[in-house]
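Overview (structure and organization)
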Amino acid sequence: MGASLHTDVVVIGGGSAGIAAAIACARQGLQVVLVEMNAYPGGKATAAEVGTVCGLYTFNKSENAEFLVKGFAKEFAELLQNKSNTKPLFNTDGLHYLPYNIESFKTVSFNLLQENNVSVYFNAALKSVQTNNQKIIAVSIQTKNNSILIHLKSIIDCSGISIISRLANLPFIESSHYQAAAQVFTMQGINETSEARLGLIIMKAISNAIAKNQLAEFYNRIYIVPGSLKNNSISFKIGIPLAVTNTPENLQQLKTLAHGFIETLSKFLIFNVSTFKNASVKNIAPEVGIRVAHRSIGKYILTEEDVLLCKKFDDGIANGSWPIEEWEQDKRVKMRYLPVDDFYRIPATSLQSASIDNLFFAGRNISATDAAIASARVMGICLQTGYAAGCLAAASAKNISIADAIVKIQTDQL
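Residues numbered from 1 in each chain as written. Predicted model: local features only at pLDDT ≥ 70, side-chain atom pairs only at ≥ 80, totals over all residues. Heavy atoms only, no water.

Some points on the overall build of the protein
Across its full length, the protein holds 11 helices and 22 strands. Taking 2.2 N^0.38 as the reference for a compact globule, 414 residues should give roughly 22 Å; the C-alpha atoms of the protein span a radius of gyration of 21 Å, in line with that estimate. Dimensions of the protein, computed from C-alpha atoms along their principal axes, come out at roughly 65 × 50 × 40 Å. Counting the 414 residues in the protein, one finds 56% classified as buried. Counting only contacts in the protein whose residues sit at least 6 apart along the sequence, the fraction spanning at least 24 positions is 73%. Carbon and sulfur atoms make up 49% of the accessible area of the protein, which totals about 17200 Å². For the protein, the centre of its 37 positive side-chain charges and the centre of its 33 negative side-chain charges are spaced 5 Å apart. (Helix = DSSP H or I, 4+ residues; strand = E, 2+ residues; numbered from the N terminus. Rg over C-alpha atoms; globule rule 2.2 N^0.38 Å. Buried < 20%, exposed > 50% of the residue type's maximum accessible area, 1.4 Å probe, protein only. Contact = heavy atoms within 4.5 Å. Areas by Shrake-Rupley, 256 points an atom, 1.4 Å probe, with all protein chains shown as cover. Lys, Arg positive; Asp, Glu negative; His and termini not counted. Charge placed at Lys NZ, Arg CZ, Asp CG, Glu CD.)

Structural data, given as C-alpha cells:
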C-alpha cells in the first residue's frame, strides 16, 4: 500500500514553467509539491540542452538587450547569466537571447527550489487524477520506490504535454500537425574560433554534398546553438526528418533517427571539412526536443491574431515579443515577426482550465492555437506564465480573489 500526504499545491513538471510556478506558490507561504520525471530540474532546458533562453528581451535593432520582463523571470535570468558567465546575444533581425550552461541551469534551479522550501519528487510520474465537483482533489504519483497519493487544493500542469487533462479526460485543442522535433549534440576538437565563420563553412560543405547526392537534402537542417563555441567545442541543433505524433513509439523513433543523423553528419564533417579533422562527438542531449504537444482548453484560447497584432488583454499576466517560430518537416525555420518595440500580453484566462476550477496551466501547454504557442512556448515566456499560474493557483488554494491576484502579478511581474 502506498503513502499518502496533503499539500496546498501540486505542480507537475519541473521545467522553467514548473520551477517558476512552484516558487510563486511557496513565496506565498503555501506547501508545494513539485513532480518531475527526470533526476534533475530544467525540463527541456536541461534534458534537451536547448542552450539559449529566448523571450526575455524587447524586440528591437539595438545591440543592447533590454528586459521586457521583470519579477521572477528577470531574477532567474540574472542568476543564470551570472552562474553561466554569459551575456545576451543578438542577431540582425532584432532578436536577443541568453546563452547558458546546462549545469548552471540545473544549479540555479536546485538552489531556488531549496531556498523556497519546495518539496520535489524527482524520477516521478503522474499516474492518476481524482476529481469531484469540477475540482481535482488528489493525484497519485509513482516514484522509484513508492506510490504516493497527494491530496491538494489546487494544481498546475507544467508538463508540456497537458498530462493532467489527459488523465482527467478533459478536451484538447486539436492540432492538424506538430512542429518538427530537434536534437542537440556537441562536438569537440573544432579548429575554429568564430561561430559565424564556422556556420558558413558547414553550410557550404553540406550544400555541395547535397548537390552531389552525397547527403540527403534534410542534412541542411543544422543550426549552431548561439554562444556555444567554447574551448574548441560547439553545440548543434538538427531538425529531425520525421513527423511528430507525440506517441511513445514516435518518441523512440525520433531519437533513433536523430542518432543516425548525427553519426552520418559528424563523420561527413570529420572526413571532408578540415576544421573538423580532429573533431569527435562529445555528447548527445538525453532528450529529443519536442517543441509543441497537446494543449488543454482554457477559458480563453490565445490566437495568432492576438500575437501578431500585439493584443494587450486587461487580465494580461505575461509579456511576449518573440516571433511566431515555426519548424516544418520539409524546410528550415519560418519566422513571423511582431512590430519592432511592441509586444503582446497573454491573458490569465489562457492559464485557467475551462472545465476544472482549480486546474491551471503554464509553459508549453497553455491554452493557445498552434501559431500562438509557436511564440509563447519559448523559455522566457514560460518563466512568466509559470510564475503567474503559481500566483493564480495560490489564490485558488487560499480561496481569495483571482482578480486581485492578477493585479498583483501585473504590478510585480510586468
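Regarding the environment of Asn399
On the secondary structure map, Asn399 appears in the loop between helix H10 (379-398) and helix H11 (402-413). We classify Asn399 as exposed; its relative accessible area is 67%. Taking the C-alpha atoms as reference, Asn399 lies 9.5 Å from Lys153; in sequence the two are 246 residues apart.

A word on empty space enclosed by the protein
With the rule as written, the count across this model stands at 3 cavities of 30 Å³ or more. By volume, the largest cavity amounts to about 50 Å³. When the residues that make up the lining of the largest cavity are grouped by side-chain class, the tally is 5 nonpolar, 5 polar and no charged. (1 Å grid on protein atoms, 1.4 Å probe; cavity = no way out; pocket = protein on both sides within 12 Å on 5 of 7 lines; lining within 4 Å. Points joined across faces, edges and corners; volume = space filled by probe spheres on them. Nonpolar A, V, L, I, M, F, W, Y, C, P; charged D, E, K, R; others polar.)

Remarks on helix H4 (residues 102-115)
Its 14 residues give H4 an end-to-end C-alpha distance of 20 Å, which sits within 8% of 20 Å, the value for a rise of 1.5 Å per residue. Within the span of H4, buried status applies to Ile102, Ser104, Phe105, Lys106, Val108, Ser109, Leu112 and Leu113. For H4, the secondary structure elements touched by its buried residues are helix H1 (16-26), strand E3 (32-35), helix H2 (44-47), helix H3 (71-84), strand E7 (119-121) and H10. With a side-chain oxygen positioned 3.0 Å from the backbone nitrogen of Glu103, the residue opening H4 is Asn101. Backbone geometry just after H4 places Asn117 at a positive phi near 60 degrees. (Expected span 1.5 Å × (residues − 1). Polar contact = N/O pair within 3.5 Å; in protein donor to acceptor, adjacent residues only side chain to side chain.)

Structural notes on the nonpolar core
By size, the foremost hydrophobic cluster in this structure holds 86 residues, and its most contacted members are Val11, Ile156, Leu302, Ile317 and Ile346. A total of 13 residues in this core trace back to one element, the largest contributor, which is H10. For Ile317, the residues in contact, after removing those within four places along its chain, are Ile346, Pro347, Ala348, Leu351, Gln384, Thr385, Ala388, Ile406, Ile409 and Leu414. Ile206, Ile210, Val273 and Ala279 belong to the second largest nonpolar core, which has 24 residues in total. (Core = buried A, V, L, I, M, F, W, Y, C linked by side-chain atoms within 4.5 Å.)

Some words on the sheet that holds strand E15 (residues 234-239)
The 4 strands lie next to each other as E14-E15-E13-E16, forming an open sheet whose pairing is antiparallel. The open sheet is flanked by strand E14 (222-224) and strand E16 (280-284), the only strands paired with a single partner. For this sheet the average axis-to-axis angle between neighbouring strands, irrespective of direction, equals 35 degrees. Sheet topology note: the strand E13 (residues 182-188)/E15 ladder contains 6 bridges and is antiparallel. When the sheet's bridge partners are listed, Ala182 is paired in E15 with Gly239. (Pairing = 2+ DSSP bridges. Axes fitted to C-alpha atoms, helices over the stretch in contact; angles between N-to-C directions.)

A look at helix H6 (residues 195-211)
Over its 17 residues, H6 runs 24 Å from end to end, which matches the ideal 24 Å to within 8%, given 1.5 Å per residue. Buried residues belonging to H6 abut E14, E15 and helix H7 (248-272). Following H6 by one or two positions, Asn213 has its phi on the positive side, about 60 degrees.

Quick look at the state of the cysteines
With the rule as written, the count across this model stands at 0 disulfides. Cys25 takes part in no disulfide bond, and the closest cysteine sulfur, belonging to Cys391, lies 7.5 Å away. Judged by relative accessible area, which is 9%, Cys391 ranks as buried. (Disulfide = S-S within 2.5 Å.)

Comments concerning the packing of aromatic side chains
Per the stated rule, a full pass over the model turns up 14 aromatic pairs. Judged by centre distance (5.5 Å) and plane angle (65 degrees), the ring pair of Phe110 and Phe122 falls under edge-to-face. Of this pair, Phe110 sits in helix H4 while Phe122 is found in the loop between E7 and strand E8 (125-132), placing the two residues 12 residues apart along the sequence. A residue is classified by how much of its surface remains accessible, and Phe110, at 35% relative accessible area, is partly exposed. Taking the centre distance of 5.0 Å and the plane angle of 75 degrees together, the rings of Tyr223 and Trp327 count as edge-to-face. Highlighted residues: Tyr223 in strand E14 and Trp327 in the loop between strand E19 (324-326) and strand E20 (334-336), separated in sequence by 104 residues. A relative accessible area of 16% places Tyr223 in the buried class. An aromatic cluster of at least three residues, connected via ring pairs, comprises Phe72, Phe76, Tyr100, Phe105 and Tyr387. Cation over ring: Lys106 sits above Tyr40, and NZ or CZ is 4.0 Å from the ring centre. The ring centre of Phe343 lies 4.6 Å from the NZ or CZ of Lys312, which sits over that ring. (Phe/Tyr/Trp six-rings, centres within 6.5 Å; stacked < 30°, edge-to-face > 60°. Lys NZ or Arg CZ within 6 Å of the ring centre and 35° of its normal.)

Quick notes on the layout of surface pockets
One number sums up the size of the second largest pocket: a volume of about 490 Å³. Residue lining of the second largest pocket: 21 residues in total, with Asn101, Ile102, Thr186, Ser228 and Ser235 positioned closest to the centre. Of all the secondary structure elements, the ones that give two or more residues to the lining of the second largest pocket are E13, E15 and E16.

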